[in-house]
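# Observations on the three-dimensional arrangement
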Amino acid sequence: MKTLPFSEEKLREIIAQYPTPFHLYDEAGIRDTARRLYDAFAWNRGFKEYFAVKALPNPAILKLLGSMDCGTDCATIPELLLSKAAGLTGEDILFSSNDTPGEDFALAHKLGAIINLDDITHIPLLESVCGIPETICCRYNPGSTFTMTNCIMGDLSDTKFGMTKPQLFEAVKLLRDKGAKRFGVHALLVSCSMEQDYYPQLAASLFRLAVELKNETGISLSFIDLSGGIGIPYHPNEAKVDIAAVGRGVQKVYDEILKPAGIELSIYTELGRFMTGPHGYLVSRVLHEKHTYKDYLGLDACAANLMRPAIYGAYHHITVMGKEQQPADHTYDVTGGLCENNDKFAVDRALPETVPGDLVVIHDTGAHGSSMGYNYNGKLRSAELLLKQDGSVALIRRAETPQDYFATLDCCPEFDLSETETE
């Protein structure tokens, strides 16, 4: 069964101050996950987690993770600015993007971030806008030679990310000749993997690459970035990935491959979903029930608040507050109010009998939930709250207003937007 870090009484107390829908994040859970990750890789000197900002781009969360020695993985100027707002600069930021504009490289360099190049052709651009930094990373794509894959990433030879091995070796040599002194290699080859062997297999592949690079070029890598890809158990009876076992698996191949070659390097990760995904909850209220060819529950939340079920058919568990012990003997499609038929949080979901006014909690929205929000149909993004360790609640992003929706139209003064004003 899925459990919650708050009671119905606590939730109703929160709702008395903050109307639904909203995302609620559990600070204690996030901190516990960060501790377990660092414990799993404590054997590696220099290990560091760079939280994938795209998963939950909120400076309050980034600051929380920063207090646990986590950095940030950024891909755009706004993500870099969010990191700076959270007090993170220098090598606490890893800038990993693709099809990158020059101004993005310039800001990353100004902040002192580690820059991860997606393609060898980006070297002249980087050099022209800010010069080649002493520490640099290159993204590797092994193509079809890496067989572990999934439906989100697919066949790696079809993905747009990273360099081939010949390109990577050429890029590292070129960067060395242009003044780079510390080198890293990065690879993200799957998404949301529940296979315990993913990181060890990826690490073994990259460790062998590091040995080959040293033998061929004389260059020893300073770090290897395993990026993200570790999943979370969205289904209630699904087992968690044992991160301690993952750490032991990576250590084993490190000792087998790198130590005999005389290579010592740091391990970096860029986990987003794993770090915060299980610790976020979309809280909503049932507005309507409808009975036509099927039974429907209409919520005050919609795909604008959580689009994964709509675009991936992804499963998110649903708890009807106060009815946890009642039999799930009714079948519903749980929907939002968008003018799209895929605006559904669940299809043919077994739940207790649910009626308008009931509170529902949609689990595992702490990553790729609010961050993927949008304004289709003029729907406004909901608030984000942080349930702190002492039981208090902080508003870390207010809900959008109609004024926010129209704010970018200030270039069109001929439009009368006075009707957007609210009391």
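Above: the structure in question.
We now turn to the structure provided with this report. Quantities reported herein were computed from a predicted structural model and do not represent experimental measurements. (Residues numbered from 1 in each chain as written. Predicted model: local features only at pLDDT ≥ 70, side-chain atom pairs only at ≥ 80, totals over all residues. Heavy atoms only, no water.)

## Details of the sheet that holds strand β4 (residues 93-96)
If you trace the 8 strands once around the closed barrel, you get β2-β3-β4-β5-β6-β7-β8-β9, paired in parallel fashion. The mean inter-strand angle of the sheet, taken between neighbouring strand axes irrespective of direction, is 25°. With 3 bridges joining them, strand β2 (residues 48-52) and strand β3 (residues 71-74) adopt parallel strand pairing. What sits directly across from A52, in β3, is D73. Sheet strands touched by helix α8 (residues 198-217): β7 (182-186), β8 (223-225) and β9 (266-269). Its angle to β8, the strand with the most contacts, is close to 140°. (Pairing = 2+ DSSP bridges. Helix = DSSP H or I, 4+ residues; strand = E, 2+ residues; numbered from the N terminus. Axes fitted to C-alpha atoms, helices over the stretch in contact; angles between N-to-C directions. Contact = heavy atoms within 4.5 Å.)

## Quick look at the nonpolar core
Of all hydrophobic cores here, the largest spans 83 residues; its most connected members are Y199 and F207. With sequence-adjacent residues up to four places away left out, F207 is seen in contact with I224, V250, V253, Y254, I257, L258, L265 and I267. (Core = buried A, V, L, I, M, F, W, Y, C linked by side-chain atoms within 4.5 Å. Buried < 20%, exposed > 50% of the residue type's maximum accessible area, 1.4 Å probe, protein only.)

## Observations regarding α8
The end-to-end C-alpha distance of α8 is 28 Å, a good match for the 28 Å that 20 residues give at a rise of 1.5 Å each. The element α8 is extensively covered by neighbouring structure, given that 14 of its 20 residues are classed as buried. At the C-terminal side of α8, G218 shows a positive phi close to 80°. (Expected span 1.5 Å × (residues − 1).)

## Considerations on the pairing of β7
Extensive coverage of β7 is indicated by the burial of 4 of its 5 residues. Judged from the 5 bridges that link them, strand β6 (residues 135-139) and β7 form a sheet pairing that is parallel. Bridging across to β7, C137 finds its partner in G184. Inspection of the sheet shows β7 paired to β8 by 3 bridges, in the parallel sense. If you follow H186 over to β8, its bridge partner there is D225.

## A look at the layout of surface pockets
As a volume, the largest pocket reaches approximately 760 Å³. Contributing to the lining of the largest pocket are 34 residues, with A52, K54, L188, S191 and H368 lying nearest its centre. For the lining of the largest pocket, the secondary structure elements donating two or more residues are β3, α10 (273-276) and α11 (308-312). Split into classes, the residues belonging to the lining of the largest pocket amount to 15 nonpolar, 12 polar and 7 charged. Its boundaries defined by the atoms lining it, the second largest pocket holds a volume of some 470 Å³. (1 Å grid on protein atoms, 1.4 Å probe; cavity = no way out; pocket = protein on both sides within 12 Å on 5 of 7 lines; lining within 4 Å. Points joined across faces, edges and corners; volume = space filled by probe spheres on them. Nonpolar A, V, L, I, M, F, W, Y, C, P; charged D, E, K, R; others polar.)

## What to know about the packing of aromatic side chains
This model, assessed by the stated rule, comprises 11 aromatic pairs. Judged by centre distance (5.3 Å) and plane angle (70°), the rings of W43 and Y254 are edge-to-face. Separated by 211 residues along the polypeptide, W43 in the loop between α2 (27-40) and β2 and Y254 in helix α9 (residues 243-258) bring together distant segments of the chain. A residue is classified by how much of its surface remains accessible, and W43, at 25% relative accessible area, is partly exposed. Arranged with centres 5.7 Å apart and planes meeting at 90°, the rings of F207 and Y254 form a pair that is edge-to-face. Taken together, the residues span a long stretch of sequence, with F207 in helix α8 and Y254 in helix α9 at a distance of 47 residues. (Phe/Tyr/Trp six-rings, centres within 6.5 Å; stacked < 30°, edge-to-face > 60°.)

## Comments concerning the pattern of salt bridges
Applying the stated criterion across every chain yields a total of 21 salt bridges. For E91, the salt bridge goes to R182, with nearest N and O atoms at 3.7 Å. One end of the pair, E91, is in the loop between α4 (77-85) and β4; the other, R182, is in strand β7, with 91 residues separating them in the sequence. The class for E91 is partly exposed, based on a relative accessible area of 38%. On the accessibility criterion, R182 (29% relative accessible area) is partly exposed. (Salt bridge = Lys/Arg side-chain N within 4 Å of Asp/Glu carboxyl O.)

## Points about the packing of helix α7 (residues 165-177) against α8
Helix packing for two helices is described by the angle between their axes and how far apart those axes are. With their axes 11 Å apart at the nearest point, α7 and α8 run at an angle of 55° to one another. Comparing the axis directions of α7 and α8 gives the class oblique. Crossing of α7 against α8: the hand is right-handed. Listed contacts from α8 to K165, L168, F169, V172, K173 and R176 of α7 are L209, E212, L213, E216 and T217. Its residues placed into classes, the contact of α7 with α8 shows 5 nonpolar, 1 polar and 5 charged. (Parallel < 35°, antiparallel > 145°, perpendicular 65-115°, else oblique. Left-handed = near helix turned anticlockwise from the far one by under 90°.)

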